[in-house]
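Residue-level listing of the chains:
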Amino acid sequence: MTSTADPDALSRQILVRHREPGHVRFALPAELCSLPAARTIEAALRLQDGVYRVTIHAAEHKLSVFYDEHACDLHAVARRLFAALGELPAGDDARVLASGEALATPASAAKKGRAGGGLNIEARARRALRRMMQAMARHPQLRGVQARVQPILESALTEKAIINFLNDLLAFYLIRVHWDLITQRWLREPLKFRYAWLTIFYLVFLLVRYRKSGDGR
């Protein structure tokens with residue numbers, strides 16, 4: 001089977017099966033459920049600002065997209081989806097996935113690893129650090145660097161440090177997503193958007209309290 005179908009013909013076969021704020025589910029034709037086509041669509045949708053989860057259920061011919069309504073809307077998601085139809089790989093031997101399992105994504109892979117008794121984040125990071133230190137130890141000229149770098153990396157690879165980094169990353173992401181709203185609407189009309197500001201202050205309070213609780217241990 002090849003992915004050479006006309007994009008316009010494919011777009012007419014895509015239907016909206018479910019819609020709610022921040023979530024839409026499409027019905028897809030079989031041609032879009034091959035592994036290469038699905039990966040292309042998934043990668044294209046993830047480039048859309050505001051989209052934070054994309055899942056293709058190949059056996060059910062379904063595409064589920066979760067997005068932040070403050071950053072984009074259904075029309076933007078649909079435009080990105082239809083644009084991806086012109087980028088589908090052609091001339092391959094793509095096989096439609098027969099199982100009900102969704103395509104592997106970083107989130108689903110992490111979930112699967114936890115369910116299978118996989119190592120936690122800190123253990124994985126420390127294992128990678130040990131391999132790097134062993135590699136450096138094989139080079140005498142790097143031993144001085146190793147002695148200085150290893151304590152710093154060990155302190156940065158604790159579970160607490162990793163969680164702090166991820167919290168900061170999430171905070172920067174939320175600021176980026178809402179930047180236009182903050183500068184163009186929330187700052188100009190603070191009373192009108194008082195609940196948004198209360199939410200921000202509360203989240204900052206939780207973040208600061210979490211940091212202080214960690215410093216006290």
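Computed from a predicted model, the values in this text were never measured in an experiment.

Asker: Teacher, can you tell me more about the sheet that holds strand β4 (residues 62-67) here?
Answerer: Sheets are built from strands that pair by backbone hydrogen bonding, the pairs being arranged parallel or antiparallel. As summarised here, the arrangement of the 4 strands in space is β1-β2-β4-β3, forming an open sheet in which the pairing is antiparallel. Both outer strands of the open sheet, β1 (15-20) and β3 (51-57), are each paired with one neighbouring strand and no more. Each strand of the sheet is rotated relative to its neighbour by a mean of 15 degrees, with strand direction disregarded. Strand direction decides the pairing type here: β3 and β4, joined by 6 bridges, are antiparallel. From the neighbouring strand, V51 faces β4, where its bridge partner is Y67. Packing of helix α2 (residues 35-46) onto the sheet brings it into contact with β3 and β4, and relative to β3 it is tilted by some 165 degrees.

Asker: Where do I start with a nonpolar patch on the surface in this structure?
Answerer: A cluster of nonpolar side chains, Y52, L170, Y173 and L174, forms an exposed patch at the surface whose accessible area comes to about 370 Å². Here the nonpolar patch takes 3 residues from helix α7 (residues 159-186), the largest share from any one element. In this fold, Y52 is placed in strand β3. Since its relative accessible area comes to 47%, Y52 is described here as partly exposed.

Asker: Sorry, what's going on with unusual backbone geometry here?
Answerer: Outside of glycine, negative phi angles account for most residues, and trans bonds account for most peptide bonds. Unlike most non-glycine residues, H61 shows phi in positive territory, near 55 degrees. Its location among the elements puts H61 in the loop between β3 and β4. In this structure H61 comes out as partly exposed when scored by relative accessible area, which is 28%.

Asker: Where do I start with helix α3 (residues 74-84) in this structure?
Answerer: An α-helical turn contains 3.6 residues, so a residue and the one three or four places further along point in the same direction. Taken as a whole, α3 has its buried residues at L74, A76, V77, A78, L81 and A84. On its buried face, α3 is in contact with β1, β2 (23-27), α2, β3 and β4. N-capping of α3 is provided by D73, with a side-chain oxygen placed 3.3 Å from the backbone N of H75.

Asker: Can you walk me through the confidence of the model for the chain in this structure?
Answerer: Residues shown with low pLDDT carry predicted positions that ought not to be read at fine detail. In this model, the chain carries an average pLDDT of 76, and 64% of its residues clear a pLDDT of 70 or more. Per-element mean pLDDT across the chain ranges from 45 in helix α4 (residues 106-115) up to 94 in β2.

Asker: Would you mind going over the pattern of salt bridges with me for this structure?
Answerer: Opposite charge on two side chains permits them to pair, given that their charged atoms come into close proximity. As enumerated under the stated definition, the model contains 2 salt bridges in all. D49 is the partner of R176 in a salt bridge, and the nearest nitrogen-oxygen pair spans 3.4 Å. Highlighted residues: R176 in helix α7 and D49 in the loop between α2 and β3, separated in sequence by 127 residues. K62 is paired through a salt bridge with E60; the nearest N and O atoms lie 2.9 Å apart. Residue K62 is classed as partly exposed on the basis of its relative accessible area, which comes to 27%.

Thresholds applied
- Residues numbered from 1 in each chain as written.
- Predicted model: local features only at pLDDT ≥ 70, side-chain atom pairs only at ≥ 80, totals over all residues.
- Heavy atoms only, no water.
- Pairing = 2+ DSSP bridges.
- Helix = DSSP H or I, 4+ residues; strand = E, 2+ residues; numbered from the N terminus.
- Axes fitted to C-alpha atoms, helices over the stretch in contact; angles between N-to-C directions.
- Contact = heavy atoms within 4.5 Å.
- Patch = residues over 30% accessible without salt bridge, like charges linked within 9 Å, V, L, I, M, F, W, Y side chains within 5 Å.
- Areas by Shrake-Rupley, 256 points an atom, 1.4 Å probe, with all protein chains shown as cover.
- Salt bridge = Lys/Arg side-chain N within 4 Å of Asp/Glu carboxyl O.
- Buried < 20%, exposed > 50% of the residue type's maximum accessible area, 1.4 Å probe, protein only.
- Polar contact = N/O pair within 3.5 Å; in protein donor to acceptor, adjacent residues only side chain to side chain.
- pLDDT = per-residue confidence, 0-100.

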